[in-house]
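Residue-level listing of the chains:
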Amino acid sequence: MRKRANELDYTQIMVKGIPSLFTETRVRKDSVPDGFYLYEVRYDDAGLGDPAQIGRCVITNFLGSLLVSEELELPWGGYLDIDPENEWENGEFIGTLKDGIRSVKPGVLRAAWI
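In this text the structure is predicted, and so the values were computed from the model without any measurement.

1. Describing the packing of aromatic side chains
Item 1. Under the definition given, this model contains one aromatic pair.
Item 2. Taken together, a centroid distance of 5.6 Å and an interplanar angle of 80 degrees make the contact between Phe 22 and Trp 88 edge-to-face. On the criterion of sequence distance, the pair formed by Phe 22 in strand β2 (residues 18–23) and Trp 88 in strand β7 (residues 88–95) is long-range, its members being 66 residues apart.
Item 3. Look at Phe 22 and you get buried, because its relative accessible area is 10%.
Item 4. The side chain of Arg 26 reaches across the aromatic face of Phe 62, ending 3.9 Å from its centre.
Item 5. Above the face of the Tyr 79 ring, Arg 42 is positioned so that its terminal group lies 4.6 Å from the ring centre.

Printed below as a string of structure tokens:
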């Protein structure tokens, strides 16, 4: 089941050098705030829980959802391979979407998002 973006808690991460918000829940597309792009993350087939791919919709090995502050260029086929050692940097637990937006895109918070 998908939940509204403002009902979830987030961790701030860096994906390919781009500030992003990560949650372990599927997010409803219609609830993503302006200025952010929704992607889903697939974990590796070895079952270690390492992020392996990013795409618009992940069916198997779902790790979580990403709200990214810049649009990612997905290759043909729709999934971007990522190296968890070099392209995924875990940050600190942020909490609410409102707090996450403040940390990732300061100055763009709108009342409609919270």
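2. Thoughts on the pattern of salt bridges
Item 1. Under the counting rule described, the total for this entry stands at six salt bridges.
Item 2. Lys 16 is the partner of Glu 87 in a salt bridge, and the nearest nitrogen-oxygen pair spans 2.6 Å. Of this pair, Glu 87 sits in the loop between β6 (79–81) and β7 while Lys 16 sits in the loop between β1 (10–15) and β2, and the two are 71 residues apart along the sequence.
Item 3. For Glu 87, a relative accessible area of 23% translates into the label partly exposed.
Item 4. Judged by its relative accessible area of 34%, Lys 16 is partly exposed.
Item 5. Salt-bridge contacts for Asp 99 lead to Arg 102; the nearest nitrogen and oxygen are separated by 3.4 Å. Residue Asp 99 and its partner Arg 102 are located together in helix α1 (residues 97–104), separated by three residues, close to a single helical turn.
Item 6. Asp 99 gets classed as partly exposed once you look at its relative accessible area, which sits at 33%.

3. As for the nonpolar core
Item 1. One finds Ile 54, Leu 66, Leu 72 and Trp 88 to be the most contacted residues of the largest nonpolar core, which totals 13 residues.
Item 2. Residue assignment for this core shows that the elements contributing at least two residues are β1, β2, β3 (37–43) and β5 (62–68).
Item 3. Those residues in contact with Trp 88 that lie beyond four places of it in its chain are Ile 13, Met 14, Val 15, Phe 22, Val 41, Pro 51, Leu 66, Ile 82 and Asp 83.
Item 4. Core analysis: the next-biggest nonpolar cluster, separate from the first, contains twelve residues, Tyr 10, Leu 21, Leu 97 and Val 104 among them.

4. Here we look at unusual backbone geometry
Item 1. In this structure, Lys 16 is a non-glycine residue whose phi angle is positive, near 50 degrees.
Item 2. The phi dihedral of Asn 61 falls on the positive side, at around 60 degrees, and the residue is not glycine.
Item 3. Summarising the element assignment, Asn 61 is placed in the loop between β4 (51–55) and β5.
Item 4. By relative accessible area, Asn 61 is classed as buried at 19%.

5. Some details on the sheet that holds β2
Item 1. With antiparallel pairing, the seven strands of this open sheet are ordered in space as β6-β4-β3-β5-β2-β1-β7. This sheet does not close on itself; its edge strands, each paired only once, are β6 and β7. Each strand of the sheet is rotated relative to its neighbour by a mean of 35 degrees, with strand direction disregarded.
Item 2. The pairing of β1 with β7 spans five bridges and is classified as antiparallel.

The rules behind these values
Residues numbered from 1 in each chain as written. Predicted model: local features only at pLDDT ≥ 70, side-chain atom pairs only at ≥ 80, totals over all residues. Heavy atoms only, no water. Phe/Tyr/Trp six-rings, centres within 6.5 Å; stacked < 30°, edge-to-face > 60°. Helix = DSSP H or I, 4+ residues; strand = E, 2+ residues; numbered from the N terminus. Buried < 20%, exposed > 50% of the residue type's maximum accessible area, 1.4 Å probe, protein only. Lys NZ or Arg CZ within 6 Å of the ring centre and 35° of its normal. Salt bridge = Lys/Arg side-chain N within 4 Å of Asp/Glu carboxyl O. Core = buried A, V, L, I, M, F, W, Y, C linked by side-chain atoms within 4.5 Å. Contact = heavy atoms within 4.5 Å. Pairing = 2+ DSSP bridges. Axes fitted to C-alpha atoms, helices over the stretch in contact; angles between N-to-C directions.

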